[in-house]
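# Chains, contacts and geometry: an overview
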Amino acid sequence: MPGLDLRLQGLHEERVLIGPESVHLDVTNGCNTNCVTCWDHSPHLDKPRSAAWKRNRVEVGALIELLDDIRSLGGLKAVILSGMGEPFTHPDIYQMIAAVKARGLHLTIITNLIAADPGRILELGVDQLLIGVQGASKASYQAFHPSFRTDEWERLLARLERFAEAGRRYKQVQVICRHNAHELVEMVELAHRYRAHSLNFKLASLKDGTEAVRITDAQRALLAWLVPRAAERAGELGVDTNLEVFAAQLSAGGARTADIARVGCYVGHYYSRVLVDGTVLYCCNVEVRVGKLGRFSELWNGPEWNALRARLRRGDYFSGCQQCGKLNQNVKLAARFARAYGDERRLEVTGCR
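Predicted model, so just to flag it, every value in this text is computed and none were measured.

Along the chain, Asp40 turns up in the loop between strand E1 (22-28) and helix H2 (51-54). Within the structure, the side chain of Asp40 is placed 2.7 Å from the side chain of Arg49, a separation counted as a polar contact. Among residues more than four places away in sequence, those in contact with Asp40 are Leu45, Arg49, Trp53, Lys54 and Met84.

Each α-helix winds once per 3.6 residues, and so residues spaced three or four apart point in a common direction. If you check which residues of helix H8 (residues 184-193) are buried, you get Leu184, Val185, Met187, Val188, Leu190 and Ala191. Where the residues of H8 are buried, they touch helix H7 (152-165), strand E5 (171-176), strand E6 (199-203), helix H9 (217-237) and helix H10 (243-252). Once H8 finishes, Arg195 follows within two positions and takes phi at roughly 55 degrees, a positive value.

Taking burial as the measure, the five residues of strand E4 (residues 128-132) include four buried ones, the bulk of the element. Crossover strand E3 (residues 106-111) to E4 through helix H5 (residues 118-124) is right-handed. Of the pairings in the sheet, the one linking E4 to E5 comprises three bridges and is parallel in character. Counted as the bridge partner of Leu130 is Lys171 from E5.

Take the pairing of E1 next. Among the seven residues that make up E1, seven are buried, leaving the element largely enclosed by the rest of the structure. In this structure, E1 lies alongside strand E2 (residues 78-83), joined through six bridges in parallel fashion. Paired with Thr28 across the strands is Gly83, a residue of E2. Sheet topology note: the E1/strand E7 (residues 271-274) ladder contains four bridges and is parallel.

Take Glu152: it is sitting in helix H7. One buried charged residue, Glu152, remains without a salt bridge, the closest side chain of opposite sign being Arg155 at 4.5 Å. When sequence neighbours within four positions are dropped, the list of residues in contact with Glu152 reads Ile114 and Tyr141.

With that settled, consider the sheet that holds E6. Pairing in this open sheet of nine strands is mixed, and the strands run E6-E5-E4-E3-E2-E1-E7-E8-E9 from one edge to the other. Every other strand in the sheet has two partners, leaving E6 and strand E9 (289-292) as the edge strands with one partner each. With direction set aside, neighbouring strand axes in the sheet form an average angle of 20 degrees. In the sheet, E7 pairs with strand E8 (residues 279-281) via two bridges, with the strands oriented antiparallel.

It is at 8 Å that the axes of H8 and H9 come closest, and there the two elements cross at 20 degrees. The angle between H8 and H9 places the two elements in the roughly parallel class. With respect to the hand of their crossing, H8 and H9 are arranged in right-handed fashion. Across the interface between the two elements, Leu184, Val185, Val188, Glu189 and His192 from H8 touch Leu223, Leu226, Val227, Arg229, Ala230, Arg233, Ala234 and Leu237 from H9. In terms of residue class, the contact of H8 with H9 is made up of nine nonpolar, one polar and three charged.

Cut-off values and rules
- Sequence positions are assigned chain by chain, starting from 1 and proceeding in written order.
- The predicted nature of this model means local features are confined to residues of pLDDT at least 70 and side-chain atom pairs, given and counted, to a pLDDT of 80 or more, with totals for whole chains, interfaces and linings taken over all residues.
- The side-chain figures draw on all heavy atoms in the structure; neither hydrogens nor water molecules are used.
- Helix and strand assignments follow DSSP, with helices taken as H or I runs no shorter than four residues and strands as E runs no shorter than two, numbered in order from the N terminus.
- Polar contacts here mean pairs of N or O atoms no more than 3.5 Å apart (in protein, one a potential hydrogen donor and the other a potential acceptor; neighbouring residues in sequence count only if both atoms are side-chain atoms).
- Note on contacts: a residue pair qualifies if any of its non-hydrogen atoms lie within 4.5 Å across the two residues.
- Accessibility here uses a 1.4 Å probe with only protein chains present; expressed as a share of the type maximum, an area under 20% marks a residue as buried, one over 50% as exposed, and anything in between as partly exposed.
- A crossover gets the label right-handed when its path from the first strand over the helix to the second runs clockwise, viewed with the strands pointing away from the viewer.
- Each pair of strands is called paired provided DSSP finds at least two bridges between the two strands.
- Charge convention: Lys and Arg are scored as positive, Asp and Glu as negative, and His as well as the terminal groups of each chain are ignored.
- Basic side-chain nitrogens of Lys or Arg form a salt bridge, by our definition, when they fall within 4 Å of a carboxyl oxygen of Asp or Glu.
- Simply put, an axis is a line fit to the C-alpha atoms, just over the touching stretch for a helix, and the angle between two N-to-C directions goes from 0 to 180 degrees.
- Reported orientations rely on four angle classes, namely roughly parallel under 35 degrees, roughly antiparallel over 145, roughly perpendicular from 65 to 115, and oblique for the rest.
- What makes a crossing left-handed is the near helix being turned counterclockwise from the far one by less than a right angle; a clockwise turn instead makes it right-handed.
- Residues were grouped as follows: Ala, Val, Leu, Ile, Met, Phe, Trp, Tyr, Cys and Pro as nonpolar; Asp, Glu, Lys and Arg as charged; and all remaining residues, including Gly, as polar.

Structural data, given as structure tokens:
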């Protein structure tokens, strides 16, 4: 793919040659639940978000203008719609989906699925859903989502069945914390039952009070035993997982979920996230801010963005990088770069030496 080659070449030459391959656009701060690991809605937060903050959302016209500006840079292939909350709570989400698809872009939506209309999703041709399941039983699901106390688990399973029957093999995501760490094998079986395209495990990144649901030392030891068993079961059932990456997260130890200094950061040439308030992020880490929207196209190769790229090339990481939310992507990009330019050069351009 020419765009991918240009990004690898730009990383090698330490300059920007093309726009981002994918952009992650937040459309709402509001949510329909309160996941215990969430930095914005968890009941464990030391300082809960205000009601005014939760009401913030993006207008359709602003989203379309931003999309077209990013496309002007060349190379945009994919859009992720999500938010600090649940995107399907936005009253205009289906207009936004239509706008993305009208531009021929691959669309992924990150969702808990409860507020979604499966029929509209199928009708509009959403390419991918990252469905936050966060359990393999009603008990663990409700423990992860304390506000869900009626038939949400059954509704989730019904939607998964609807998509499976329609041949849409959407991805399942399992964020692992104290409440669900014992269900790794069952999570693989759940993904198989509903014919998921793949199953991504992620050790919960925790801060600001959400540390209350960090896995215990005993659970970490149990997970070390469960991971190979889950991998074996996935092999038997033909379920694609990232258990190798998840095992690396576990081995990082303590609060860390990523040994980023060994992997390196590549996403500054591939990706960006824009929050509801117009804050442009270098990656998904809210600490790593490029600036505020005027025009995205002016920021992308501007001094602030390039200074961040240079900093991360030196291996001068942010504290939040030890809980990298783009670890899967960085692992894949590291391998691609090494194949193209050699591992020695990979180490040089990511400060991993």
